[in-house]
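Architecture at a glance
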Amino acid sequence: MSLSTGVWVAIGVALLIAEVATLAVFAIFIAVGAAAAALGSALGLPWPGQLVVFAGVTVIGIVLARPPIMAHLVSRSRPEVMSGLAGMVGEVGEVADAVAGHDLIGHLHLGGENWLSVSADGTVIEAGAKARIVGVDRTRLVLERVSGPAPPTAGP
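Described in the following lines is the structure provided in the data block. Residue positions are given per chain, counted from 1 along the sequence in the order it is written. Note on the predicted model: pLDDT of at least 70 is required for a residue's local features to be given, and 80 or more for side-chain atom pairs to be given and counted; whole-chain, interface and lining totals, by contrast, use all residues. The basis for every side-chain value is the complete set of heavy atoms in the structure, and neither hydrogens nor water enter the calculation.

**Comments concerning the overall build of the protein chain**
For the protein chain, the count of helices and strands is 3 helices and 5 strands. Along the protein chain, from the amino end to the carboxyl end, the secondary structure elements read α-α-α-β-β-β-β-β. Any residue under 20% of the maximum accessible area for its type is buried, any over 50% is exposed, and the rest in between are partly exposed; the area is computed with a 1.4 Å probe on protein chains only. Looking at the protein chain as a whole, 27% of its 156 residues qualify as buried. Should any heavy atoms of two residues lie within 4.5 Å, those residues are counted as being in contact. Taking as baseline every contact in the protein chain between residues at least 6 positions apart, the subset at least 24 positions apart corresponds to 46%. Think of it this way: any DSSP run of H or I at least four residues long counts as a helix, any run of E at least two long counts as a strand, and we number them from the N terminus.

Spelled out as structure tokens, the structure:
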């Protein structure tokens with residue numbers, strides 16, 4: 001191995017280590033450029049040619065290969081895991097105490113527990129009705145009726 005081949009290999013290894021440390025998918029292309037330059041050096045390519053190979057392979061990798069790789073990695077990322085009250089959005093439970101807007105705070109029975117609740121639109125949801133959690137307001141679940149007893153109608 002010639003001296004210049006060893007220098008290119010050392011540069012490539014250092015960049016691979018940097019890539020593992022940062023995970024930016026950037027240094028890997030410079031490392032590949034260094035590997036290509038090391039191959040050129042091993043084949044007897046002079047320094048100016050090695051630099052051209054290094055720069056060309058590096059630029060081509062960054063310009064052409066990095067964008068689709070990054071798009072693929074971003075598309076594979078998982079959605080944020082919700083926990084606590086926010087993780088309950090979409091669940092359906094039974095209204096334990098009637099709820100309405102912020103004027104009538106009741107409870108939703110879900111998972112063996114009663115949770116402070118209000119209705120999303122301010123309408124009364126009677127005890128015994130099924131309700132879906134559509135949001136969270138501070139420490140209260142925000143509900144919408146799914147089924148259950150019909151709300152009382154106003155008579156003439």
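**Focus: helix α1 (residues 3-22)**
The end-to-end C-alpha distance of α1 is 29 Å, a good match for the 28 Å that 20 residues give at a rise of 1.5 Å each. Taken together, the buried positions of α1 are occupied by Ser4, Thr5, Trp8, Gly12, Leu15 and Glu19. With its buried residues spanning 100° around the axis, α1 presents them on a single face. Exposed and facing more than 90 degrees away from the buried side of α1 are Leu3, Ile17, Val20 and Ala21. Turning to α1, the residues buried within the fold contact α2 (27-42) and α3 (47-75). Looking one or two places after α1, you find Leu23, whose phi comes out positive at around 55°. The span expected for a helix works out to 1.5 Å for each residue beyond the first. The arc refers to the directions leading from the helix axis to the C-beta atoms.

**Describing unusual backbone geometry**
The residue Val25 is not glycine, and still its phi comes out positive at about 50°. Its location among the elements puts Val25 in the loop between α1 and α2. The residue Arg138 is not glycine, and still its phi comes out positive at about 55°. Looking at where Arg138 falls in the secondary structure, it is placed in the loop between β4 (130-137) and β5 (140-147).

That is the geometry; function is a separate question.
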